[in-house]
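Chain by chain, the residues:
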Amino acid sequence: MSLAVQEFRQVWTWVWIKAHPVRFAGIVLHLLLRTLFAVFWLAAGINKVVKDWLTSDILKQIFLDRLTEMPPDAFASLFLQNFAIPLYVLVAWVITLGEIYSAIGLLVGFTTRIAAGVSMFILVGLAVGGYYDASLIPFFILNAVFLWWPSGLWLGIDRPLAKRNPASRWFR
């Protein structure tokens, strides 16, 4: 068993909690935020499935509407015209499946850091596509936190998988 897995197994013991009350509170807050973030992505992914993003041209229409709202020489306009609009079907699938994967991964602590990385990829795509505003900043910060700390080892499926596969980077 790797040292990291052994260390994270102790997080839920009373001895560790009493010795590290502030760290424990931070871990609990982190896990609460991870859960809320996962629920957000799950709702977004389910909404896209229900609204039929995967088999219709809804996303193309959204991109075309957004294109009329931005200057034609902006990078976001070029991104939409040359990438997102021509490949709107692929983009819709990547966004929808990415949101659902991120939600499940973050919710149950399965490949948590990879799920956060997929979430970051989706957010960067939104920002590049011209949907950036100040409301995305907390999402970027949360993603950075989820990428930095191995919360799947604190609470999640990553812990037993890391114990079984200590050399694997998937579950750290």
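Throughout, residues of each chain are indexed from 1 in the direction in which the sequence is written. Note on the predicted model: pLDDT of at least 70 is required for a residue's local features to be given, and 80 or more for side-chain atom pairs to be given and counted; whole-chain, interface and lining totals, by contrast, use all residues. Each side-chain value is derived from all of the structure's non-hydrogen atoms; neither hydrogens nor water enter the calculation.

What to know about the overall build of the protein
Stage number 1. Working definition: helices are DSSP H or I runs of at least four residues, strands are E runs of at least two. Numbering for both runs from the N terminus. A count of helices and strands for the protein gives 10 helices and zero strands.
Stage number 2. Of the regular secondary structure in the protein, the N- to C-terminal order runs α-α-α-α-α-α-α-α-α-α.
Stage number 3. Overall, the protein is about 60 × 30 × 25 Å in size when its C-alpha atoms are taken along their principal axes.
Stage number 4. The burial tally for the protein puts 38% of its 172 residues in the buried class.
Stage number 5. Here, residues are in contact when the closest pair of their heavy atoms is within 4.5 Å. Partitioning the contacts of the protein with sequence separation of at least 6, the portion at a separation of at least 24 is 65%.
Stage number 6. Of the roughly 9,800 Å² that the protein leaves accessible, carbon and sulfur atoms contribute 72%.
Stage number 7. The charge count treats Lys and Arg as positive and Asp and Glu as negative. His and the chain ends do not count. We put the charge of a Lys on NZ, of an Arg on CZ, of an Asp on CG and of a Glu on CD. Measuring between centres, the 14 positive side-chain charges of the protein sit 21 Å from its 9 negative side-chain charges. Exposure is judged per residue with a 1.4 Å probe applied to protein chains only, and the accessible area is read against the type maximum: over 50% gives exposed, under 20% gives buried, and values in between give partly exposed. Computed with a 1.4 Å probe, the accessible areas rest on the Shrake-Rupley method; for each residue, only the protein chains presented here act as cover.

Some details on helix α5 (residues 75–84)
Stage number 1. Every buried residue of α5 is accounted for by Ala-76, Ser-77, Leu-80 and Ala-84. Looking down the long axis of α5, one finds its buried residues gathered within 110° of arc, a one-sided arrangement. In α5, the exposed residues that point more than 90 degrees away from the buried face are Phe-75 and Asn-82.
Stage number 2. If you follow the buried residues of α5, they end up packed against α4 (58–68), α6 (88–108) and α7 (112–131). As used here, the arc belongs to the directions running from the helix axis to the C-beta atoms.

As for the packing of helix α3 (residues 21–50) against helix α8 (residues 137–148)
Stage number 1. Contact pair α3 / α8: the axes reach a minimum separation of 11 Å and the direction vectors enclose 120°. It follows that α3 is oblique to α8 by the angle criterion. Crossing handedness for the pair α3 and α8: left-handed. Of α8, the residues touching α3 (which contributes His-30, Leu-33, Arg-34, Phe-37 and Phe-40) are Phe-139, Leu-142, Asn-143, Val-145 and Phe-146.
Stage number 2. Residue composition of the contact of α3 with α8, by class: seven nonpolar, two polar and one charged. Axis angles are defined between N-to-C directions and span 0 to 180 degrees, where every axis is a line fitted to C-alpha atoms and, for a helix, only to the segment in contact. Note on angle classes: values under 35 degrees are labelled roughly parallel, values over 145 roughly antiparallel, values of 65 to 115 roughly perpendicular, and the remainder oblique. Should the near helix be turned counterclockwise from the far one by less than a right angle, the crossing is left-handed, whereas a clockwise turn marks it as right-handed. Just so you know the grouping, Ala, Val, Leu, Ile, Met, Phe, Trp, Tyr, Cys and Pro go in nonpolar, Asp, Glu, Lys and Arg go in charged, and all remaining residues, Gly too, go in polar.

Let's talk about the side chain of Ser-77
Stage number 1. Position of Ser-77 relative to the elements: it lies in helix α5.
Stage number 2. On the basis of relative accessible area, Ser-77 is assigned to the buried category, the value being 1%.

With respect to the packing of aromatic side chains
Stage number 1. Within 6.5 Å between ring centres, the rings of Phe, Tyr and Trp (the latter by its six-membered ring) count as paired, and their orientation is classed by plane angle as stacked under 30 degrees, edge-to-face over 60, tilted in between. Under the criterion given, the structure shown has seven aromatic pairs.
Stage number 2. Taken together, a centroid distance of 5.0 Å and an interplanar angle of 35° make the contact between Phe-40 and Phe-139 tilted. On the criterion of sequence distance, the pair formed by Phe-40 in helix α3 and Phe-139 in helix α8 is long-range, its members being 99 residues apart.
Stage number 3. Residue classification places Phe-40 among the partly exposed positions, given a relative accessible area of 39%.

Quick notes on the packing of α3 against α7
Relative placement of two packed helices is described by the angle separating their axes and the distance separating the axes.
Stage number 1. Running from N to C, α3 and α7 point in directions that differ by 50°, and their axes come no closer than 12 Å. Comparing the axis directions of α3 and α7 gives the class oblique. In this structure, α3 meets α7 at a crossing whose hand is left-handed. Across the interface between the two elements, Arg-34, Phe-37 and Trp-41 of α3 pack against Thr-112, Ser-119, Ile-122 and Leu-123 of α7.
Stage number 2. For the contact of α3 with α7, the per-class residue count stands at four nonpolar, two polar and one charged.

A few points about a nonpolar patch on the surface
Stage number 1. Patches here are clusters of residues that have more than 30% relative accessible area and form no salt bridge, with a 9 Å joining cutoff for like charges and a 5 Å cutoff for nonpolar side chains (Val, Leu, Ile, Met, Phe, Trp, Tyr). Each salt bridge in this description consists of a side-chain nitrogen of Lys or Arg and a carboxyl oxygen of Asp or Glu lying within 4 Å of one another. On the surface, Val-39, Ile-104, Leu-107, Val-108, Phe-110 and Ile-157 cluster together to form a nonpolar patch covering roughly 450 Å² of accessible area.
Stage number 2. For the nonpolar patch, the element with the most residues is α6, which contributes three residues.
Stage number 3. Note on placement: Ile-157 falls in the loop between α9 (151–154) and α10 (158–164).

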